[in-house]
Amino acid sequence: MALISLTGIDKFYGTYHALRGIDLDIAEGEFFSLLGPSGCGKTTLLRTIAGFEHPENGVLTIDGQNMKGVGPNRRPTNLVFQNYAIFPHLTVAENVGFGLRRSPLSRADKTKAVAEALAMAGLDGYGPRAAHALSGGQRQRVALARALILKPKVLLLDEPLSALDRKLREQMQTELRRLQRQVGITFILVTHDQEEALIMSDRIAVMFDGRIAQLDTPEGLYLRPNSRAVGEFIGLMNLLPGMLRPEDGRLLADIPGLGAIPLPPDLVAHGAAPGPATFGLRPESLSLMSPGGALPTGQFVDGTVTERTYYGDMTYYEVALDGAPDPVTCSMKNLVSRPVLERGARTRLAWEPGALILFPDG
Ligand SMILES: Nc1ncnc2c1ncn2[C@@H]1O[C@H](COP(=O)(O)OP(=O)(O)OP(=O)(O)O)[C@@H](O)[C@H]1O
Ligand SMILES: [Mg+2]
């Protein structure tokens, strides 16, 4: 049974329809992310689960209990806000223990709980420090420890890492994931950073305009986006215009620059019909071949490098394929034995037909 279940949830701000028929089940112990562009309704959905927003329609249950009329502090959830206000005049330990001030626990048990929460958040030994003298990353850890000490069934995190610089954010991503596995409670993370969602989540709901566009595992979203919008939002995607045409009782994908190939079987099952279509191909599914290289599988095409961007570990190339209207993007891992090509270089690209994604037009 799902721990959190939403059915037909609608939320209006005045006449603005912010959540549009949200259906969602989240399992116990899951690391779940809500991902989408600014204004798509992520925070609204999180606050609805926490009990700070009241949906006009639909049913929300947590642990099988209908949450209608149940206030935020009577729900087994705890929300960590993006700019979490810690009390600057208190110590770190006092900040973390704040939520226990009315708890019937003994003083010794409270001290122990604070120490445990500090350790979980990677703040061992920071208890006596003044909270105003912490870095952004340390404040975020205090906010986490303060939420964890209440032992919620569900921890709701609204863009908890967005204020941190890149290195610290990556470190906290790994730590949050480890922490979630260790404590085993359900995490629901709001983020507009697709990489963060892919790295951390068991499952992701991609939201656009108050709706869930796709709910899937990270691999499912990346490899099998169900629409162009999702395909373009997650990672880089070449979108290639083409045609599906019947020949000898099967469908051919005719893609200028790549040629005509029999449609791979899983795309046939995708409900393909003859006519114009758009094909998606990830940059890593196109590879530069060394001159005279053998081709074990798939197909190859020739073209000219029109742009290259060097990232150290990777180089991204734009290649104008002979006969194609627009250049394609292709990513290559840099190896000592692989020279980086310059603009204007002629090259041959291998590509995998099996990596094609079909987006029916219209
Ligand atoms: N209290 C409110 N009154 C009126 N409109 C609101 C209110 N809160 C949010 N909205 C609107 O609802 C929509 C969804 O807002 P929400 O804060 O859920 O977006 P979000 O996905 O969290 O965006 P971001 O990534 O920018 O935080 C937005 O268009 C926003 O302007
Ligand atoms: Mg938000």
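What counts as what
Residues numbered from 1 in each chain as written. Chains lettered and ligands numbered in written order. Predicted model: local features only at pLDDT ≥ 70, side-chain atom pairs only at ≥ 80, totals over all residues. Pairing = 2+ DSSP bridges. Helix = DSSP H or I, 4+ residues; strand = E, 2+ residues; numbered from the N terminus. Near = placed C-beta within 6 Å. Domains from an automatic or database assignment. Contact = placed C-beta atoms within 7 Å. Nonpolar A, V, L, I, M, F, W, Y, C, P; charged D, E, K, R; others polar. Expected span 1.5 Å × (residues − 1). Buried ≥ 20, exposed ≤ 12 C-beta atoms within 10 Å, placed from the backbone. Arc of directions from axis to C-beta. Axes fitted to C-alpha atoms, helices over the stretch in contact; angles between N-to-C directions. Core = buried A, V, L, I, M, F, W, Y, C linked by C-beta atoms within 7 Å.

If a strand is regular, its side chains alternate between the two faces of the sheet. The sheet contact formed by strand E11 (residues 238-247) and strand E14 (residues 275-281) spans seven bridges and is antiparallel. Along E14, the bridge assignment pairs Leu 239 with Gly 280. Relative to strand E12 (residues 250-255), E11 runs antiparallel, the two sharing five bridges. Directly across from Glu 247, in E12, lies its bridge partner Arg 250. Hairpin connection of E11 to E12: two residues between the antiparallel strands, including Asp 248 at a positive phi of 50°.

We now examine the site of ligand 1. Inspection of the region around ligand 1 gives Tyr 13, Tyr 16, Ala 18, Gly 36, Ser 38, Gly 39, Cys 40, Gly 41, Lys 42, Thr 43, Thr 44 and His 192 as its neighbouring residues. Contributing elements (two or more residues each) for the shell around ligand 1: strand E2 (16-26) and helix H1 (42-50). Among the elements that line the shell around ligand 1, the one with the most residues is H1, at three residues.

A few words on the domain arrangement of the protein chain. With domains assigned, the protein chain is organised as domain 1 (4-232) and domain 2 (238-360). For domain 1 and domain 2, the distance between their C-alpha centroids amounts to 39 Å. Across the contact, four residues belong to domain 1 and five residues belong to domain 2. Looking at the side of domain 1 that touches domain 2 residue by residue, the class counts come to one nonpolar, two polar and one charged.

The terminal C-alpha atoms of helix H5 (residues 166-183), which comprises 18 residues, lie 26 Å apart, in line with the 26 Å expected from a rise of 1.5 Å per residue. Listing the buried residues of H5 in full gives Met 172, Gln 173, Leu 176 and Gln 180. Buried residues of H5 fall within an arc of 115° about the axis and therefore sit on the same side. Every exposed residue of H5 that faces more than 90 degrees away from the buried side is listed here: Lys 167, Thr 174, Arg 178, Arg 181 and Gln 182. Next to the buried residues of H5 lie strand E3 (31-35), helix H4 (136-148), strand E8 (186-191) and helix H6 (194-200). After H5 finishes, the residue Gly 184 shows a positive phi value of roughly 70°.

Time to look at the sheet that holds strand E19 (residues 346-351). Strands sit in the order E15-E19-E16-E17-E18 across an open sheet of five strands; the sheet is antiparallel. Only two strands of the sheet have a single partner each, and these edge strands are strand E15 (286-289) and strand E18 (328-333). On average, each strand axis in the sheet is inclined to that of its neighbour by 50°, with strand direction left out of account. Where E15 lies against E19, four bridges are found, and the strand directions are antiparallel. What sits directly across from Leu 288, in E19, is Leu 349.

Counting residues in hydrophobic clusters, the biggest one holds 61 residues, and the most contacted among them are Val 96, Ala 117, Ala 145 and Ile 188. Per-element accounting of this core gives the leading share, six residues, to H4. When sequence neighbours within four positions are dropped, the list of residues in contact with Ile 188 reads Ile 26, Phe 32, Leu 34, Leu 46, Ile 49, Val 154, Leu 156 and Leu 157. In terms of nonpolar packing, the next biggest core, distinct from the first, is built from 24 residues, Leu 263, Ala 277, Trp 351 and Leu 356 among them.

As paired elements, strand E9 (residues 203-208) and strand E10 (residues 211-216) share five bridges and run antiparallel to each other. Of the residues in E10, the one forming a bridge with Ala 205 is Leu 215. Here E9 hands over to E10 after two residues, with Asp 209 in that stretch at a positive phi of 50°.

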